[in-house]
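What follows is the residue order along each chain.
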Amino acid sequence: MPARTGNCTEHDGRKVLPPSWSLDEVKSRMPKEVFEHRPARALAVLARHISLAILFGSAVVIATSLVAAEIRKLESDMARVLCRVFLAILWSLYCWFQGLVFTGIWVIGHECAHESFLPSKVACQVLGLLTHSFSWTPHFGWKHVHNLHHRYHGLMEDDQHWIPRTRAQIGESLQDTPIVNLARLIVQQAIGFPLYLLFHVTGPRHYPWWTNHFNPFSFFYHDHRISVIISDISLVLVAYLTRRASDVFGVGNIVFLYAIPCLIVSHWVTMIVYLHHTDIRVPHYRRPAWNYVRGALATIDRDFLGWQGRFFLHDIAHFHVVHHIFPRMPFYHGEIATKYLKAVIGSDYQMVSTPVFKDLWETYSTCLFVEDNGDILFYKRNIKDL
């Protein structure tokens, strides 16, 4: 490989050098098949998730009805308590797995936003609008900002989410106790994604206060205002249909069958994206040191929930590095493409397999701020770090 030149810094004794390879070199080493669409395979995945959503919902309703009927027949208080415990466990399992299914449907909307799910651009737009509206995401508003995120990924000035706070911005909050950090992490996981959509939190801090994913007059939508309005109208329609469903099936049923899994989607999306782009080993750049390839590498693959992440979430966290390098590559080629990618880029590829909730806590506890100065930045964990 050719010698590396250009901007270089050191972090914990490690040199950070520009990549010694080009995108063309990586692409030339990969089979052409990894860039080809397989519509039947993609639609089969979508059909599988829709079927699972219907199956899980139907199963929990039928099981609840049967158990409730048995409870009315029981004379023993202990037996009734045990049945109610069984129902609590059943509904907890439903919310967990239905939340994963709904998140998988959201991920399909993400693939549509990249126009990588199907070869037809129009089909991707329609399907993305439907899948994201289902989980209360303004598809086109989010899509346009997400494309900016890919274009400027890792750039402190222009990336669109999880931009690190600087030493000056974080101030005395570094002194928070673990219990305060845990409370903040719970808030982040509960409402982080809605706050991002509504207020563009974690995005560039120089944007106007009214910038969000719903306002067609947010400055980054000047060429996309009609599509943003379409997203907003779609969400109004979803709200209307949800209200009508509540009238027919009861508010409680809709809350447990639909609303709670949607809240779990928000949790998983927040957690996935946060862990994609926040790690003590991953650099961030200011403009003099940034380029597209460096930015694309400023992420990390994670063994996210093991088989559940692979089956339900379509490997979105397992093979995220290759996704940032080739965002229009169909998701089902991620595994084989990553094998070729690793062979070319070597140590520039980063992956961790720590249990994901442990990973979340460690990341939140250690990735606190970056320095106010410098062009190549790494997270620091203590105000005393130099």
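Keep in mind that what you see is a predicted model, and the values were worked out from it rather than measured.

Reading guide: rules and limits
- Residues numbered from 1 in each chain as written.
- Predicted model: local features only at pLDDT ≥ 70, side-chain atom pairs only at ≥ 80, totals over all residues.
- Heavy atoms only, no water.
- Helix = DSSP H or I, 4+ residues; strand = E, 2+ residues; numbered from the N terminus.
- Rg over C-alpha atoms; globule rule 2.2 N^0.38 Å.
- Buried < 20%, exposed > 50% of the residue type's maximum accessible area, 1.4 Å probe, protein only.
- Contact = heavy atoms within 4.5 Å.
- Areas by Shrake-Rupley, 256 points an atom, 1.4 Å probe, with all protein chains shown as cover.
- Lys, Arg positive; Asp, Glu negative; His and termini not counted.
- Charge placed at Lys NZ, Arg CZ, Asp CG, Glu CD.
- Patch = residues over 30% accessible without salt bridge, like charges linked within 9 Å, V, L, I, M, F, W, Y side chains within 5 Å.
- Salt bridge = Lys/Arg side-chain N within 4 Å of Asp/Glu carboxyl O.
- Expected span 1.5 Å × (residues − 1).
- Polar contact = N/O pair within 3.5 Å; in protein donor to acceptor, adjacent residues only side chain to side chain.

Peer 1: Mind laying out the overall build of the protein, listing which residues take part and the relevant values?
Peer 2: Each helix and strand in the protein was counted, giving 14 helices and 6 strands. Taken against the 2.2 N^0.38 rule, which gives 21 Å for 386 residues, the C-alpha radius of gyration of the protein at 23 Å falls within 12% of a compact globule. In the protein, which comprises 386 residues, the share counted as buried stands at 52%. Across the protein, contacts joining residues at least 24 apart in sequence account for 71% of those joining residues at least 6 apart. As presented, the protein carries roughly 18800 Å² of accessible surface, and 64% of it is formed by carbon and sulfur atoms. If you average the places of the 36 positive and of the 31 negative side-chain charges in the protein, the two averages end up 2 Å apart.

Peer 1: Give a detailed account of a nonpolar patch on the surface, specifying residues and quantitative values.
Peer 2: Where nonpolar side chains cluster on the molecular surface, the patch consists of Met 78, Val 81, Leu 82, Val 85, Ile 89 and Leu 93 and spans about 570 Å² of accessible area. With respect to the helices and strands, the residue Ile 89 is situated in helix α3 (residues 77–113).

Peer 1: Any details on α3? Residues and values, ideally.
Peer 2: In this model α3 runs 53 Å from its N-terminal to its C-terminal C-alpha over 37 residues, within 8% of the 54 Å that 1.5 Å per residue would give. Capping of α3 at its N-terminal end is provided by Ser 76; its side-chain oxygen lies 3.3 Å from the backbone amide nitrogen of Met 78. Positive backbone phi, at 55°, marks Glu 115, one or two positions downstream of α3.

Peer 1: Quick rundown of the side chain of His 149? Include the residues and the values.
Peer 2: Turning to its location among the elements, His 149 is positioned in helix α5 (residues 139–151). Judged by relative accessible area, His 149 falls into the buried class, the value being 1%. Dropping the residues within four chain positions of it, His 149 is found in contact with Asp 159, Gln 160, His 161, His 277 and His 324.

Function cannot be read off these values alone, since they describe shape.
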